[in-house]
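Structure at a glance
So the chains spell out like this:
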Amino acid sequence: ENQKQLLETQSAEVEESKMEIEKYAEQLEESSRYKSEFLANMSHELRTPLNSMLILAQFLSDNSNGTLTEDELDYAKHIHSSGTDLMILISDILDISKVEAGKLSMQIAPALLVETMESLERDFRPVADKKKLQFHVQTQADLPETIQTDPMRLQQILKNFLSNAMKFTEQGSVTLNLREAHSHELEIYALSAETQPYLAFDVIDTGIGIKASEQGAVFNAFEQADSGIERKYGGTGLGLSISKELARLLGGMIYLVSKEGEGSTFTLLLPVDSNVAIARQEDAEAR
Ligand code: ADP
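Residues numbered from 1 in each chain as written. Predicted model: local features only at pLDDT ≥ 70, side-chain atom pairs only at ≥ 80, totals over all residues. Heavy atoms only, no water.

As named in an unreviewed UniProt entry, the protein is Circadian input-output histidine kinase CikA, taken from Paenibacillus swuensis.

Encoded structure:
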């Protein structure tokens, strides 16, 4: 009789703790939602004034009536480049909060491949020159002229790869290479070229490389291979985790091959039509 009573009180206690846990889980979910909403709103509010500052700093840097001294011109350029860094950071925080809330949506449209490669070359040639790195941009012949993807997001991923490659390379070269994806690499990552071909964008550098033990973690938000107080390189560790999610939302993926002290290659595999790949993903998930 005693034992029965004991069991009953125990199971009542278990029931009570279960309810407590459920309550906490709900509260946690709610505050996580608040956090994402707050970040999204804040980022938006921060971007608007920063945008006007950037436009004005650009206007000053142009020095179109030639009235600025060399020092003043230097300051204006500095304001513009620091403002641009800040804008990227704010956009990254906005993207991460959207990823967490499952609210990142792609705007699929035709992207011209030649133009995409040329605009990346224009943007990064000065960075390479400044660090005295060789910069090669190459595109395999007879690829399609356009692909269906999110053109801005494609640029964002490749800019992330290229700015990392330039940042973590002190000498040698950075190469941006566009080619058709090989069937063996698609197989490894469970992508199927049966319905449509895939392209591969490689960014290859001769930089510091990434230790095997840290190669998985670099794709996690806020994770940096070079962490701790003696950090040499700036950054937030957000870029690659966003890029990875963007690639997935476009029906593709990203992988990394790297050797410490020798260099890294980041590869983006992308279907020629993201709509087809997304429909396939949804099909597979429904089954
Ligand atoms: P961030 O560059 O802002 O730190 P990322 O998410 O773009 O953030 O990169 C995460 C980390 O991955 C970097 O801090 C660096 O440790 C490592 N990494 C990325 N690209 C390279 C590269 N090309 N060479 C060496 N390390 C890299």
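1. What about the packing of aromatic side chains?
Rules: The aromatic pairing rule takes the rings of Phe, Tyr and Trp, using the six-membered ring of Trp, and pairs them if the centres are within 6.5 Å, calling planes under 30 degrees apart stacked, those over 60 edge-to-face and the rest tilted. Helix and strand assignments follow DSSP, with helices taken as H or I runs no shorter than four residues and strands as E runs no shorter than two, numbered in order from the N terminus. Partly exposed residues are those whose accessible area sits between 20% and 50% of the maximum for their type, while under 20% is buried and over 50% is exposed, using a 1.4 Å probe and protein chains only.
Across all of its chains, the model carries 3 aromatic pairs by this definition. Ring centres of Tyr-189 and Tyr-255 lie 4.9 Å apart, and the angle between their planes is 20 degrees; this geometry places the pair in the stacked category. On the criterion of sequence distance, the pair formed by Tyr-189 in the loop between helix 5 (183-188) and strand 5 (198-205) and Tyr-255 in strand 6 (residues 253-259) is long-range, its members being 66 residues apart. Residue Tyr-255 is classed as buried on the basis of its relative accessible area of 14%. Taking 6.3 Å as the distance between ring centres and 70 degrees as the angle between the ring planes, the aromatic pair formed by Phe-219 and Phe-266 counts as edge-to-face. In this pair, Phe-219 sits in the loop between strand 5 and helix 6 (239-249) while Phe-266 sits in strand 7 (residues 263-271), placing the two residues 47 residues apart along the sequence.

2. Comments concerning the sheet that holds strand 7
The strands making up a sheet are joined through hydrogen bonds of the backbone, oriented either antiparallel or parallel. Using the following cut-off: DSSP calls a pair of strands paired once it identifies at least 2 bridges connecting them. Lines fitted to C-alpha atoms define the axes here, with helix axes fitted over just the stretch in contact, and angles between the N-to-C directions of these axes take values from 0 to 180 degrees. By definition, residues are in contact when any of their heavy atoms lie within 4.5 Å.
Spatially, the 5 strands line up as an open sheet ordered 2-4-5-7-6, and their pairing is mixed. Taken across any chain shown, the strands that pair with only one partner, and hence form the sheet edges, are strand 2 (134-139) and strand 6. Strand-to-strand, the axes of this sheet are offset by a mean angle of 10 degrees, without reference to chain direction. The sheet contact formed by strand 4 (residues 173-180) and strand 5 spans 7 bridges and is antiparallel. Of the residues in strand 5, the one forming a bridge with Leu-176 is Val-203. The strands touched by helix 4 (residues 151-167) within the sheet are strand 2, strand 4, strand 5, strand 6 and strand 7, with strand 7 carrying the most contacts at an inclination of about 175 degrees. Packing of helix 6 onto the sheet brings it into contact with strand 6 and strand 7, and relative to strand 6 it is tilted by some 135 degrees.

3. Observations regarding the nonpolar core
Heads up, the rule is: As used in this record, nonpolar core signifies buried Ala, Val, Leu, Ile, Met, Phe, Trp, Tyr and Cys residues forming a set joined through side-chain atoms within 4.5 Å.
Membership of the largest hydrophobic core comes to 41 residues, with the highest contact counts inside it found for Phe-161, Phe-201 and Leu-268. Looking at this core, the elements that each hand over two or more residues are helix 3 (113-130), helix 4, strand 4, strand 5, helix 6, strand 6 and strand 7. With 7 residues, the single largest contributor to this core is helix 4. Phe-161 has contacts with Val-203, Leu-240, Ile-254, Phe-266, Thr-267 and Leu-268, leaving out every residue within four places of it along the chain.

4. Focus: the pattern of salt bridges
Side-chain pairing between opposite charges can occur once the charged atoms of the two side chains come close. Here is the rule: Any Lys or Arg side-chain nitrogen located within 4 Å of an Asp or Glu carboxyl oxygen qualifies as a salt bridge.
Here the structure, examined in full by the defined rule, presents 10 salt bridges. A salt bridge links Lys-18 to Glu-15, with the nearest nitrogen and oxygen atoms 3.9 Å apart. Linking Lys-18 with Glu-15, this pair stays in helix 1 (residues 2-62), spanning 3 residues, or about one helical turn. Classification of Lys-18 as partly exposed rests on a relative accessible area of 47%. Lys-259 is paired through a salt bridge with Glu-262; the nearest N and O atoms lie 3.8 Å apart. The exposure class assigned to Lys-259 is exposed, which follows from its relative accessible area of 51%. Salt bridges here are not isolated pairs; linked through shared partners, they connect Arg-179, Glu-185 and Asp-202.

5. Overview of helix 4
How we decide: Expected helix span is given by 1.5 Å per residue-to-residue step, counting one fewer step than there are residues.
Taking 1.5 Å per residue, 17 residues should reach 24 Å; helix 4 reaches 24 Å between its end C-alpha atoms and fits that length. The set of residues buried in helix 4 consists of Arg-153, Leu-154, Gln-155, Ile-157, Leu-158, Asn-160, Phe-161, Leu-162, Asn-164, Ala-165 and Met-166.

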